[in-house]
Amino acid sequence: MRFKYLAALTISAFTPFSAIAAGNVPIDFHGYLRSGTGAADEGGKQACFQLQGAASKYRLGNECETWLEIELGAEVAKIDRTSFAVHTMLSYNAPQNTGTESNVDALQQAWGEAKNLGDGALATASAWAGKRYYKRQGPHLNDYRYLSNEGQGGGIENISIGPGKVSYAYIRQVDPANALISQTNHDFRYEGLPTNPNGNIDVAVIFGRKNNADNVATANQNGTLFHVQHNQNKIFGNEGYNKLVFQYADKNIDLSYGSTPGTYDGKQWRLLDNFFIDMGRNLQAEGVISYTEADSSGASKNAGTPDGSKWLSAGIRPVYSFTKIFSLAAEIGFDQIDPELPGAKTTRLTKFTIAPQISAGTGYWARPTLRAFATFADWNEKGAVLPNDARYNTKTSGWSYGVQAEAWW
C-alpha cells in the first residue's frame with residue numbers, strides 16, 4: 001500500500017494538475033524487477049556467495065532478494081524547441097522469505113530537466129536539477145557501478161563542443177547524522193571524443209570538496225577523481241563492444257560514487273575491462289576483468305592496523321539460445337582480496353552457475369526471463385564468505401538452487 005501511495009504522490013507532485021485532467025500527458029513507464037526463491041545445501045533459505053571485502057558479486061543464481069524499480073516520467077511542457085520533462089524512480093527491496101514481509105521502499109530518483117536549450121552548442125544541451133543517478137556506468141553480470149556519482153544536485157549536460165559533448169554536475173552529499181557536515185562534488189565530463197573507427201573516449205574529472213560549518217569535522221578531506229574510458233563498438237561481432245577504463249582517486253573520494261564526508265587520506269586506482277561478445281543471435285556473452293588497489297588510511301597505519309587492499313575480479317556469462325524462447329546461461333566469477341594488514345591472508349572465491357531459461361526472444365539481453373539455476377561456490381578461507389551465517393562460517397564451499405524471474409521494460 002505504501003508503495004502505491006508513493007507512486008501516485010510522485011507523479012501528481014511533478015505533473016501539472018490541468019495537464020492530468022485534460023489527459024494529454026503521455027506517461028513514460030519503465031522498470032526492472034527480479035524475484036524468486038531457492039534453497040541451500042546446508043538447509044534453510046537460498047545462500048548467496050560474496051567474498052568479504054569485494055564490492056560486488058556475480059549475480060546469476062546468486063541474488064537473495066526481491067527487487068523492483070518503477071520509473072515514471074513525462075514531458076509536461078514545450079516552449080518552441082525546448083521541452084520540459086520530469087523523471088522519477090521508486091524502488092522496493094525485500095528478503096525472499098514470505099509473501100507478507102517487511103520491505104524497504106525508497107524514492108531513488110526525482111528530477112526535472114529542460115532539453116534543447118537553444119541553437120548551436122546548446123541545441124543538444126539539457127539543464128537538470130533534483131535527485132538523480134548521474135551517468136552511471138557498469139557491467140550487468142556483477143552489477144558493479146564503477147562510475148555513479150549520484151545524489152541531489154543539478155547541472156547542464158551534453159553541450160556540443162568540438163566532436164564531443166561537455167557536461168557539468170553539482171552534486172551534494174550531507175552527513176545523515178549531522179547537518180553541519182557535507183561534501184560537494186563538481187563533476188566535469190567530456191564524452192564521445194572520436195579516436196578510431198567505431199571508437200571514442202570519455203573523460204571525467206570529479207572534485208570533491210568538504211563544505212562544513214566552521215570548526216566542525218576539521219579532519220575531513222577533499223578528493224579528486226580522474227576517469228578515462230575507451231569505448232569500442234562493433235567489435236567481437238555486430239553488437240559486440242569493449243569498454244576499457246582507467247581510474248585514479250586521491251584522498252576522500254570513492255572510485256565509483258564520488259566524495260562523501262570522511263577522513264580517508266590515501267590513494268586508489270583501478271583498471272577495468274567490460275566486454276560483450278556477439279557470435280550471432282544464438283551465442284552471446286558478457287565479461288569483465290578488473291583490478292582495484294586502495295591505500296590504507298593514515299589513521300589505520302598509525303594504529304598498526306592498515307586497512308588497504310588489492311581486489312582482483314573476473315567473470316563471464318555466455319548465453320546460448322536453442323530456440324526463440326529457450327536458452328541456457330552459465331556464469332563463472334572469481335574474486336580475490338589481498339589485504340595490506342600484516343599477517344592477513346589473501347582470500348579467494350570462485351562461483352559457477354548454470355541456468356536453463358525461458359525468455360522473450362533470443363540473445364543475452366532478452367527479457368522477461370524465467371530461469372531455474374544451480375550455483376556452486378568454493379573459497380579458500382573459513383569465514384571469508386557468509387561469516388555471519390552459521391551454516392557456512394566454518395565451511396569453504398557451498399551450493400544453492402532455485403528459480404527466478406527477471407525483467408526490464
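Before reading further, recall that the structure is shown in the block above.
First, a word on what this report is: a plain description of the structure on this page. (Residues numbered from 1 in each chain as written. Predicted model: local features only at pLDDT ≥ 70, side-chain atom pairs only at ≥ 80, totals over all residues. Heavy atoms only, no water.)

Considering all chains together, one arrives at 18 aromatic pairs under this definition. Seen in terms of ring centroids, phenylalanine 188 and phenylalanine 207 are 6.1 Å apart; in terms of plane orientation they differ by 75 degrees. Their pairing is edge-to-face. Taken together, the residues span a long stretch of sequence, with phenylalanine 188 in strand E8 (residues 182-196) and phenylalanine 207 in strand E9 (residues 199-210) at a distance of 19 residues. Its relative accessible area of 39% is what places phenylalanine 188 among the partly exposed residues. On the basis of relative accessibility, which here comes to 30%, the residue phenylalanine 207 falls in the partly exposed class. When the centroid spacing of 6.3 Å and the interplanar angle of 50 degrees are considered together, the rings of tryptophan 365 and tryptophan 408 count as tilted. In this pair, tryptophan 365 is assigned in the loop between strand E16 (347-359) and strand E17 (369-379) and tryptophan 408 in strand E18 (residues 397-408), connecting sequence segments 43 residues apart. The exposure class of tryptophan 408 is partly exposed, given its relative accessible area of 29%. Among the aromatic residues, those joined into a cluster by ring pairs are Tyr32, Tyr241, Phe276, Tyr364, Trp365 and Trp408. Just above the ring of tryptophan 128 sits the side chain of arginine 132; from NZ or CZ to the centre is 4.9 Å. (Phe/Tyr/Trp six-rings, centres within 6.5 Å; stacked < 30°, edge-to-face > 60°. Helix = DSSP H or I, 4+ residues; strand = E, 2+ residues; numbered from the N terminus. Buried < 20%, exposed > 50% of the residue type's maximum accessible area, 1.4 Å probe, protein only. Lys NZ or Arg CZ within 6 Å of the ring centre and 35° of its normal.)

In E16, alternate side chains face the same way, and those of Thr347, Leu349, Lys351, Thr353, Ala355, Gln357 and Ser359 are buried while those of Arg348, Thr350, Phe352, Ile354, Pro356 and Ile358 on the opposite face are not. Relative to E16, strand E15 (residues 326-339) is paired through 12 bridges, and the arrangement is antiparallel. Considered in E16, the bridge of phenylalanine 326 is made with isoleucine 358. When E16 meets E17, the two strands line up antiparallel, connected through nine bridges. Counterpart to lysine 351 in the pairing with E17 is alanine 377. (Pairing = 2+ DSSP bridges.)

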